[in-house]
Structure formats: C-alpha cells, structure tokens
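Below are the chains, spelled out letter by letter.
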Amino acid sequence: MHDMTVLRFSTPAPSVSRLTNLWGLWFTHVYVLLATALLAGALAHEFAAAQPPTALGALQRLFLALAALGPASVVAVSRHRPVTTGDFATGWGMSVLASVCGAATAGRQVLLHIKPGAPGEGAVLAGLHLYTWTFLVFVAATVAAAVMLLLTDETEPLDNHSPVLTLSTLGLLGLVLAANAVTVFALQGFRFALPETPAGYELLHQLGIR
Amino acid sequence: METVLFLLLLLIWCALLARWSRPRILLLWGLCLTGAVLLLSSRLTTPLDLSF
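These notes cover the structure that comes with them. Treat the numbers as computed from the prediction; the structure is a model and nothing was measured.

Focus: the overall build of chain B
- A count of helices and strands for chain B gives two helices and zero strands.
- Rg of the C-alpha trace for chain B: 16 Å, well past the compact-globule value of 10 Å for 52 residues, more than 25% over.
- Expressed as a percentage of the 52 residues in chain B, the buried residues total 40%.
- When the accessible surface of chain B is totalled, it reaches about 3,000 Å², and 73% of it is carbon and sulfur.

Pasting the structure below:
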C-alpha cells in the first residue's frame, strides 16, 4: 500500500524579501538623515549669509521636521522590537501629510514671486531660489514616502542590527531640532509669532544685548 | 507660536526615545501639524499678484 501521507511544504522565508526589508530599514535612516542635513544646511546658511528665515521659511523647516519625525518613529521602534506594518504605515503616512503641507507652504512662497521679472527673495542656488528647491524637495519626499507605503510588504523593516547607526541618526535629528528651536526663539523673542520678514534676532534686542 | 511648535517637535523627539505609545506620539504630532497649518493659513492674507 502506498503511504497516503500528504507532504506539506512550508514556504521558506525568501532571501530576496529579507534583502528588500533591510533596504527599507536603510532607506528610512537615509530619509531621516537627508532631512536632518537639509535642516542643518538651512541653519548654516542663515548664519553664514546673516539672513534670518522669513515666516514662511520657518514654517517650511517645521514641516520638514514633521516629515522627518514619521520615519524617525519607525527607526526608533526598530531599536527595541520588530516594526509592525502599523508602525511602518503610520510613520510614512505622517511623512506624506507633512510633506504635502510643506509643498503647499513652499508653493505659496513661489507664487508670491511668480510674476515675470520679479526678483524673488533670498539666495539663489543653480538658478533657482531656495524656496523653489524646497518645493521640489517636498515633492520628492512625498513621492519617496508614497513608494515606501506602496512597497510595504517588501520594505517594512523587520528588525535592526545597527543600533549605533540608529542612535546616531536620532541623535543628529534631535540636535538639529534643538538648534532650530533655539534659533526660532531668538528670532521671535517674546512676540506671539514671527513677522513676515524678521529683521534680526528679536530676543537679543528685547534683552538689551544688541 | 513658532517657538511653541518647535518645542513640541522636541517633545515628540523625546517621546520617540522614551518609547511612548503610537497613539500618544500621533496625538502630539497631529497637534503640531494642526498648529503649523493654522499658522500657515494666517499667513495667506497677502494677495498674489498674478497680473501677467
């Protein structure tokens, strides 16, 4: 008699999937680091060119930081437990929402100077004003976050084997956020909100330092 | 207002490190986003000159 045992083959964990999950974890780090670098670059430009940000510029920094905090939450969770699909979707969803708002803010600033012949305001890099670059960055950030959400199965980080990189990424982001908070406080002083185009660091003026 | 929102960002960052639960972090983040959007809407008073 033939043995009627049914052989069941369990699906082996495909190595390609593990590779793309690892890629997803790295990309999440890179996304946070790029946003951190942009925020740091904006601060460096502010001091190097002695050009305080406009109110809309400060708002763009705020939205960029909010967009970075989404993937940063994924990175933070991966430090101590495997990231669930819910964690992953929440993090990247936060990024999409904040990036869309950031693009609207930068777009508004572009529209303020859209008239042909208008000189625009602030520094120019490779033929485009910084707020135009910011608009493009927000569009790219939205697209990247949307692609990560589309490929959730392939890219959600399952676990994390580089705690040092993760801590460095979060540490750098925290440092830049703190520096931005101090700078904005110095610009705003004890007023309710920033003026449209701040002339200088109001807090120093209010304290009688400058 | 901007200072408060940036401090809220720092609080969210601390909450991430302190392993706060997802709903609490999302609540703080949503509060900050709402504040920023309200601030943005208050900055839209200057009419655009689109008379090409």
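There's more to say after this.
Brief notes about the interface of chain B and chain A
- Each side of the interface is counted separately: chain B has 31 residues, and chain A has 46 residues.
- When chain B packs against chain A, the two sides together hide about 3,500 Å² of surface, and 75% of this comes from carbon and sulfur.
- Together, Phe6, Trp29 and Arg43 of chain B form the three largest contributors to the area buried by chain B at its contact with chain A, with a combined 21%.
- Taken together, chain B and chain A are joined by two salt bridges.
- Of the charged contacts in the structure, one is a salt bridge between Arg22 of chain B and Asp87 of chain A, with a shortest N-O distance of 3.0 Å.

Brief notes about unusual backbone geometry
- One non-glycine residue, Ala126 of chain A, lies in the positive phi region at around 50°.
- Among the secondary structure elements, Ala126 of chain A is positioned in the loop between strand S1 (124-125) and strand S2 (128-129).
- Residue classification places Ala126 of chain A among the exposed positions, given a relative accessible area of 70%.
- At Arg19 of chain B, a position not held by glycine, the phi torsion is positive, near 60°.
- Inspection of the secondary structure assignment puts Arg19 of chain B in the loop between helix H1 (2-17) and helix H2 (22-42).

Structural notes on the nonpolar core
- If you look at the biggest cluster of nonpolar residues, it comprises 44 residues, and the most contacted ones within it are Leu69 of chain A together with Leu9 of chain B.
- Of all elements in the fold, only helix H1 (15-48), helix H2 (55-78), helix H3 (85-112) and helix H6 (163-188) of chain A together with H1 and H2 of chain B reach the threshold of two or more residues within this core.
- Sorting elements by how many residues they give to this core places H2 of chain A first, with 13 residues.
- Setting aside chain neighbours within four positions, we find Leu9 of chain B in contact with Leu62, Ala65, Leu66, Leu69 and Leu177 of chain A together with Cys32 of chain B.

Quick word on the packing of H2 of chain A against H3 of chain A
Residues and elements named next belong to chain A.
- Contact geometry of H2 with H3 gives a least axis separation of 8 Å together with a crossing angle of 165°. As judged from the angle between their axes, H2 and H3 are roughly antiparallel. Here the hand of the crossing between H2 and H3 comes out left-handed.
- When its residues are assigned to classes, the contact of H2 with H3 shows 16 nonpolar, ten polar and two charged.

Examining helix H4 (residues 130-150) of chain A
- A rise of 1.5 Å per residue sets the reference length of H4 of chain A, with its 21 residues, at 30 Å; its end C-alpha atoms lie 30 Å apart and thus fit the reference within 8%.
- All buried positions along H4 of chain A are accounted for by Tyr131, Thr132, Phe138, Ala141, Thr142, Ala144, Ala145 and Met148 of chain A.

Procedures and definitions
- Residues numbered from 1 in each chain as written.
- Chains lettered and ligands numbered in written order.
- Predicted model: local features only at pLDDT ≥ 70, side-chain atom pairs only at ≥ 80, totals over all residues.
- Heavy atoms only, no water.
- Helix = DSSP H or I, 4+ residues; strand = E, 2+ residues; numbered from the N terminus.
- Rg over C-alpha atoms; globule rule 2.2 N^0.38 Å.
- Buried < 20%, exposed > 50% of the residue type's maximum accessible area, 1.4 Å probe, protein only.
- Areas by Shrake-Rupley, 256 points an atom, 1.4 Å probe, with all protein chains shown as cover.
- Contact = heavy atoms within 4.5 Å.
- Buried area = accessible area lost by both parts, 1.4 Å probe.
- Salt bridge = Lys/Arg side-chain N within 4 Å of Asp/Glu carboxyl O.
- Core = buried A, V, L, I, M, F, W, Y, C linked by side-chain atoms within 4.5 Å.
- Axes fitted to C-alpha atoms, helices over the stretch in contact; angles between N-to-C directions.
- Parallel < 35°, antiparallel > 145°, perpendicular 65-115°, else oblique.
- Left-handed = near helix turned anticlockwise from the far one by under 90°.
- Nonpolar A, V, L, I, M, F, W, Y, C, P; charged D, E, K, R; others polar.
- Expected span 1.5 Å × (residues − 1).

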